[in-house]
Amino acid sequence: MKRITAGIGGLLLSAALAVGLQTAVPTPAHADGYDGICTGADALTGVTVVIDFQELDGNGGTPAPTVTRCSPNPAPGTQRTGIKALQDAGISVTGVAQWGLAFVCRLNGRPSATESIPITGNPNYHEACVVTPPGSAYWSYWWADGGGTAWTYSSYGAANRNVVPGGFEGWSFSLNKTAGTNPPPGVTPNNPAVGPGNPTVSLSVDDLDGKITLGQSTSLTWSSTNATGITAHSVSPAAGGGSWSGSLAVPGGTKTITPTAKGTYTYTISATGSSGTVYNTTTLTVQ
């Protein structure tokens, strides 16, 4: 289904998306998340998750210090979404009744349904997680590749964005801020194991639920760091997924694709830099 507008919380909402169920997801049985940034064997395969509660810390007398946890990849070499990374880190995630986990409403139970959030014009606002939270009180979504010190605000939701191995996933509660003043997480997203010149690349399909109807077009969007060349590496299955091959713009861009057959397609992108080549994937279902 086509995503038509950029929403808050790093999510892109579709007017045609079917109504989902509010979802509170407990820690998966296989998760082995641990406090601190990823180290050892997880340093370059896992991702570090940062949860900065900002003004929610101490709201209503409930302390909420910033959380920094490693989210190991249970299957190194495979791609994970931002939602999966939260779950693997051991973070409880609650979506909204209207959109399910396509829109993150609570992290580790905050904001709770009983606490008052002092948004402008409504100092006693309570978040019910039924519909999209207001733009004045929501979880903003950030990422970093681990090789630098700055966060990047995500223009994609955590349900359809793949994490960067060795990088950081950040969540920061935004209260009464604007698009230009949303606070990034208050933890420097630097992983000593990541070389500052290592290339990174991300790839996302421009549909919130990763689904379109046969006959529709959609777009694939990519971004990279430290890349000298980017290639639309492959689509699997090779037939029916639309045109996805050849050189792509550096450091990022968008390409329209029009699948010609029903099915689930995996698109792979590669980025080459001075220290080697890295790959990323995204999946689209054509109904």
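Residues numbered from 1 in each chain as written. Predicted model: local features only at pLDDT ≥ 70, side-chain atom pairs only at ≥ 80, totals over all residues. Heavy atoms only, no water.

### Thoughts on the overall build of the protein chain
Link 1 in the chain: Tallying secondary structure elements over the protein chain gives one helix and 21 strands in all.
Link 2 in the chain: Relative to its full complement of 287 residues, the protein chain shows a buried share of 48%.
Link 3 in the chain: Carbon and sulfur atoms provide 57% of the accessible area of the protein chain, an area that totals close to 11,500 Å². (Helix = DSSP H or I, 4+ residues; strand = E, 2+ residues; numbered from the N terminus. Buried < 20%, exposed > 50% of the residue type's maximum accessible area, 1.4 Å probe, protein only. Areas by Shrake-Rupley, 256 points an atom, 1.4 Å probe, with all protein chains shown as cover.)

### Remarks on the sheet that holds strand 13 (residues 168-175)
Link 1 in the chain: As summarised here, the arrangement of the six strands in space is 4-6-5-13-11-12, forming an open sheet in which the pairing is mixed. Only two strands of the sheet have a single partner each, and these edge strands are strand 4 (34-35) and strand 12 (152-153).
Link 2 in the chain: Taken together, the five bridges between strand 5 (residues 47-52) and strand 13 define a ladder with parallel strand orientation. Each residue of the ladder has a partner; that of V50, found in strand 13, is G170. (Pairing = 2+ DSSP bridges.)

### Let's talk about the side chain of D145
Link 1 in the chain: Tracing the sequence through the fold places D145 in the loop between strand 11 (137-144) and strand 12.
Link 2 in the chain: Buried charge without a partner: D145 forms no salt bridge, and the closest opposite charge is R161, 9.4 Å away.
Link 3 in the chain: A polar contact of 2.8 Å, which involves the side chain of D145, links it to the backbone nitrogen of G147.
Link 4 in the chain: One polar contact links D145 to T225, side chain to side chain, over a distance of 3.0 Å.
Link 5 in the chain: Apart from residues lying up to four places away in sequence, D145 is in contact with V164, G166, G167, V194, T200 and T225. (Lys, Arg positive; Asp, Glu negative; His and termini not counted. Salt bridge = Lys/Arg side-chain N within 4 Å of Asp/Glu carboxyl O. Polar contact = N/O pair within 3.5 Å; in protein donor to acceptor, adjacent residues only side chain to side chain. Contact = heavy atoms within 4.5 Å.)

### Structural notes on the state of the cysteines
Link 1 in the chain: The full count for this structure, using the stated rule, is two disulfides.
Link 2 in the chain: Here the bonded cysteines of the protein chain are numbered in sequence order, and their pairing is 1-2, 3-4. (Disulfide = S-S within 2.5 Å.)

### A word on the nonpolar core
Link 1 in the chain: Core analysis: the biggest nonpolar cluster contains 24 residues, and I51, L86, L107, W139 and W171 have the highest contact counts within it.
Link 2 in the chain: The set of elements that each furnish at least two residues to this core consists of strand 5, helix 1 (82-89), strand 9 (117-119), strand 11 and strand 13.
Link 3 in the chain: The contact partners of L107, leaving out residues within four places of it in the chain, are I51, F53, L86, I91, S92, V93, W139 and W171.
Link 4 in the chain: Membership of the second largest hydrophobic core comes to 19 residues, among which are V201, V235, W244 and A271. (Core = buried A, V, L, I, M, F, W, Y, C linked by side-chain atoms within 4.5 Å.)

### Side note on empty space enclosed by the protein
Link 1 in the chain: Applying the stated criterion across every chain yields a total of one cavity of 30 Å³ or more.
Link 2 in the chain: Counted as a void, the largest cavity has a volume near 50 Å³.
Link 3 in the chain: As for the largest cavity, its lining consists of F103, V104, C105, P111, I117, Y125, E127, P133, A137, Y138, W139 and F173.
Link 4 in the chain: Ranked by the residues each element gives to the lining of the largest cavity, the list is headed by strand 11, at three residues.
Link 5 in the chain: Of the residues assigned to the lining of the largest cavity, the class counts are 11 nonpolar, no polar and one charged. (1 Å grid on protein atoms, 1.4 Å probe; cavity = no way out; pocket = protein on both sides within 12 Å on 5 of 7 lines; lining within 4 Å. Points joined across faces, edges and corners; volume = space filled by probe spheres on them. Nonpolar A, V, L, I, M, F, W, Y, C, P; charged D, E, K, R; others polar.)

### A word on the pairing of strand 17 (residues 229-236)
Link 1 in the chain: Two elements, strand 17 and strand 20 (residues 263-273), share seven bridges in a ladder whose sense is antiparallel. Following the sheet pairing, A232 is matched in strand 20 by I269.
Link 2 in the chain: Across three bridges, the pairing between strand 17 and strand 18 (residues 246-248) is antiparallel. Note that in strand 18 the partner of T231 across the bridge is S247.

### Description of the packing of aromatic side chains
Given two aromatic rings, their pairing is described by the distance between the two centres and the angle made by the two planes.
Link 1 in the chain: Evaluation of the coordinates by the stated rule reveals seven aromatic pairs.
Link 2 in the chain: Consider the rings of W139 and F173, whose centres lie 5.4 Å apart with planes at 80°: the pair is edge-to-face. With W139 in strand 11 and F173 in strand 13, this residue pair connects regions lying 34 residues apart in the sequence.
Link 3 in the chain: The class of W139 is buried, set by a relative accessible area of 1%.
Link 4 in the chain: Consider the rings of W151 and F168, whose centres lie 6.1 Å apart with planes at 90°: the pair is edge-to-face. (Phe/Tyr/Trp six-rings, centres within 6.5 Å; stacked < 30°, edge-to-face > 60°.)

### A look at the environment of T62
Link 1 in the chain: For T62, the location among the structural elements is in the loop between strand 5 and strand 6 (67-71).
Link 2 in the chain: For the pair T62 and R110, spaced 48 residues apart in sequence, the C-alpha separation works out to 9.8 Å.

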